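# Residue-level structural notes
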Amino acid sequence: MKTVSAVALDDIDRKMLRALQADGRMTNADLARTVNLSESACLRRLRALETEHVISRYAAVVNERAVGLPISVFVTVTLSSQAEGVLTAFETAVATAPEVVECYLMTGSSDYLLRLVVRDIDDLERIHARELTRLPGVTRVSSSIAMRTVVKRVALPV
């Protein structure tokens, strides 16, 4: 399992991260006021967080229902082998499926856990038949439909 060393964060870094996770469009001036720094010091710290890949990117959080993708489906995938070539072929192919919004290599009885967003059951059936079962190395696919989202956070507890 690959590990990444944690970056040493102080209280100001953590305040900056919490503020940006709540409002990624916050200006540097507003961020500086929020964390009680000068604008130049705040910008230096922000650039350091980006350079260290603590902040990997900025994005808008889109409401899935509002864009016609109200159903989350969790899919476990079992491959024919855990050989590096089989894993790589699967990962390369699954990355091209736009409905797959998350994909994790897992321990346990299945090799991968995917989260898909779909319009309806017909959409899921199409994706299952035409995409998921045709991915390289796939021998078993099992799907579970989420009935309701109870907790979904985009902010990390820093």
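Residues numbered from 1 in each chain as written. Predicted model: local features only at pLDDT ≥ 70, side-chain atom pairs only at ≥ 80, totals over all residues. Heavy atoms only, no water.

### Comments concerning the environment of Arg44
Short version of the rule: Elements are defined by DSSP. Helices are runs of H or I of four residues or more, strands are runs of E of two residues or more, and each kind is numbered from the N terminus. Buried means the residue's accessible area, taken with a 1.4 Å probe over protein chains only, is under 20% of the maximum for its type, while exposed means over 50%, and partly exposed covers the values in between.
Of note, Arg44 is situated in helix α3 (residues 39-51). Note on Arg44: relative accessible area 56%, which makes it exposed. Placed 112 residues apart in sequence, Arg44 and Leu156 show a C-alpha to C-alpha distance of 22 Å.

### Regarding the layout of surface pockets
Put simply, the rule is: Buried and open spaces are told apart on a 1 Å grid over the protein atoms alone, a cavity being a set of points where a 1.4 Å probe fits but cannot get out and a pocket being an open set with protein on both sides within 12 Å along at least five of seven lines. Residues with an atom within 4 Å of a point are the lining residues. Grid points are joined across faces, edges and corners, and a volume is the space filled by probe spheres set on the points.
Roughly 1500 Å³ of volume is contained in the largest pocket. As for the largest pocket, its lining consists of 39 residues, of which Arg57, Ala60, Val61, Arg153 and Val154 are closest to the centre. Among the secondary structure elements, those contributing two or more residues to the lining of the largest pocket are α1 (11-22), β1 (71-79), β2 (100-105) and β3 (112-118). Counting residues per element, the lining of the largest pocket draws most heavily on α1, which supplies four residues.

### Considering unusual backbone geometry
Despite not being glycine, Asn36 has its phi angle at roughly 60 degrees, a positive value. Here Asn36 is to be found in the loop between α2 (28-35) and α3. A relative accessible area of 70% places Asn36 in the exposed class. Although it is not a glycine, His53 sits at a positive phi angle of roughly 60 degrees. Mapping His53 onto the fold places it in the loop between α3 and β1.

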